[in-house]
Amino acid sequence: MSELHKFLFEGLPVRGMLVRLTDSWQELLRRREGSGSFDAPVRQLIGEMSAAGVLMQANIKFNGAVVLQIFGDGPVKLAVTEVQPNLSFRSTAKLVGELPATDTGHLPLEVMVNVHGQGRCAITLDPKDRLPGQTPYQGVVPLHGDHREPLHDLSAVLEHYMLQSEQLDTKLVLAANDEVAAGLLIQRIPVEGHGNLAGGARNEDAIGLNEHYNRIAMLAATLKRDELLTLDANTILHRLFWEEDVRRFDPLQGANGPNFACTCSRERVADMLRSLGKEEIDDIVAEQGRVEIGCDFCGQHYHFDAIDAEELFTGADAAPGSDQLQ
Ligand SMILES: [Zn+2]
């Protein structure tokens, strides 16, 4: 069962979360089998993105989707994870061309998405009930560090993002194979009333609070990918933090935990087809007999035959404003 564990270090300005996606992650991979499975290194990348996305969604109080996107300049053009406030998630990737061979099923970012140093990672917070004119918040970071050194792993990219965009010290350990996608997040809680930008970080150094975060982050960094994938949450937290006073919260699991869910629907596909215009749709129907759209996230196929296609533009449910200008 997929699960999310939240915990605090008693009396210290440090919090943590551990996520293990099992059944939900396996379902995501299974759904894709019909429409072309991902290569092993891509599975690992979107597994890590799924785990990271759930951690980021659970880490903020925000009523909307957290969207993690990597825009690649290598064989992987796009990798994306979307996590809703109820922790349901979906992920996909778009590969163009071939990945280099690998025996381990692992490839670093610079081989998949950052071949020319142009790869980007975008984190978007998309409010659920967006007001007119309101735009989603988006932060974008490159896939290299401050000295142009390529970052090999997603965890390093997101740590960099958290520090740059959120002024939050964060340690992330991520791992994924075909059974489990998992992540550990350790974060320094900002001290109330001290804006980090206003020199708060320096003050905290002075009063010794960083020392605790640094110690706990270092313990977290000793967690091996293999341990994260194979050990249960209790064992991991005990092994890492047995000398610390850890306060655990009830895990979020089952219906309350992370689940795979796709937000695609026939109506949304219909809206998308309407936006292409009647002429375009008529052309496709004339050529192929019908319009067929497959969802990249869940593998669901939507068919619109000639009559369905006609109804897109004449039916009672045709969206207002979808009429093409003559
Ligand atoms: Zn779908």
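Counting of residues starts from 1 at the beginning of each chain's written sequence and follows it residue by residue. This being a predicted model, a pLDDT of at least 70 is required before a residue's local features are given, and a value of 80 or more before pairs of side-chain atoms are given or counted; all residues contribute to the totals for chains, interfaces and linings.

We now examine the overall build of the protein chain. Under the scheme used here, helices are H or I runs from DSSP no shorter than 4 residues and strands are E runs no shorter than 2 residues, and both carry numbers assigned from the N terminus. Scanning the protein chain from N- to C-terminus turns up 11 helices and 14 strands. Atoms counted for the radius of gyration: C-alpha only. Globule rule: 2.2 Å times residue count to the power 0.38. Taken over C-alpha atoms, the radius of gyration comes to 22 Å for the protein chain, in line with the 20 Å a tight globule of 326 residues would show. Along the three orthogonal principal directions, the C-alpha set of the protein chain runs to about 70 × 50 × 40 Å. In this description, any two residues whose backbone-derived C-beta atoms lie within 7 Å of each other are considered to be in contact. Looking at the protein chain alone, contacts between residues at least 24 apart form 64% of all its contacts between residues at least 6 apart.

Next up on the list: the domain arrangement of the protein chain. Delimitation of the domains relies on an automatic or database domain assignment. We note that the domain assignment places domain 1 (3-260) and domain 2 (266-314) within the protein chain. Placing the centre of domain 1 and that of domain 2 at their C-alpha centroids yields a distance of 36 Å. At the junction of the two partners, domain 1 supplies 6 residues and domain 2 supplies 5 residues. Looking at the side of domain 1 that touches domain 2, the elements that each hand over two or more residues are α1 (23-32) and β5 (88-95). Residues belonging to the side of domain 1 that touches domain 2 are distributed by class as follows: no nonpolar, 3 polar and 3 charged. Polar here means any residue outside two lists: the nonpolar Ala, Val, Leu, Ile, Met, Phe, Trp, Tyr, Cys and Pro, and the charged Asp, Glu, Lys and Arg; Gly therefore counts as polar.

What follows concerns the pairing of strand β8 (residues 170-176). The buried fraction of β8 amounts to 7 of the 7 residues, a majority that puts the element mostly inside the structure. Three exposure classes are used, all based on how many other C-beta atoms lie within 10 Å of a residue's own C-beta (placed from the backbone): buried at 20 or more, exposed at 12 or fewer, and partly exposed between those limits. Of the two faces of β8, both are covered, the one formed by Thr170, Leu172, Leu174 and Ala176 as well as the one formed by Lys171, Val173 and Ala175. Bridge count for β8 against strand β9 (residues 181-188) is 7 bridges, and the pairing is antiparallel. If you follow Leu172 over to β9, its bridge partner there is Leu185. A pair of strands is treated as paired once DSSP finds two or more bridges between them. Two successive antiparallel strands, β8 and β9, enclose a turn made up of 4 residues.

The topology assignment puts Ile281 in helix α10 (residues 278-288). The class for Ile281 is buried, based on 20 C-beta atoms found within 10 Å. For the pair Ile281 and Val54, spaced 227 residues apart in sequence, the C-alpha to C-alpha distance is 37 Å. In this structure, Ile281 is in contact with Leu273, Leu276, Val291, Ala309 and Leu312, ignoring residues within four places of it in sequence.

A few words on the sheet that holds strand β3 (residues 64-71). Whether parallel or antiparallel, the strands of a sheet pair through hydrogen bonds between backbone atoms. Pairing within the open sheet is mixed, and its 6 strands lie in the order β7-β6-β3-β4-β5-β12. Two strands close off the open sheet at either side, each with one partner strand: β7 (137-142) and β12 (259-260). Where β5 meets β12, 2 bridges bridge the pair, whose relative direction is parallel. Note on β12: the bridge partner recorded for Ser88 is Asn259. Each of β3, β4 (76-83) and β5 touches helix α2 (residues 40-59); the most contacted strand, β4, lies at about 35° to it. Axis definition: a line fitted to C-alpha atoms, over the contacting stretch in the case of helices. Angles run 0 to 180 degrees between N-to-C directions.

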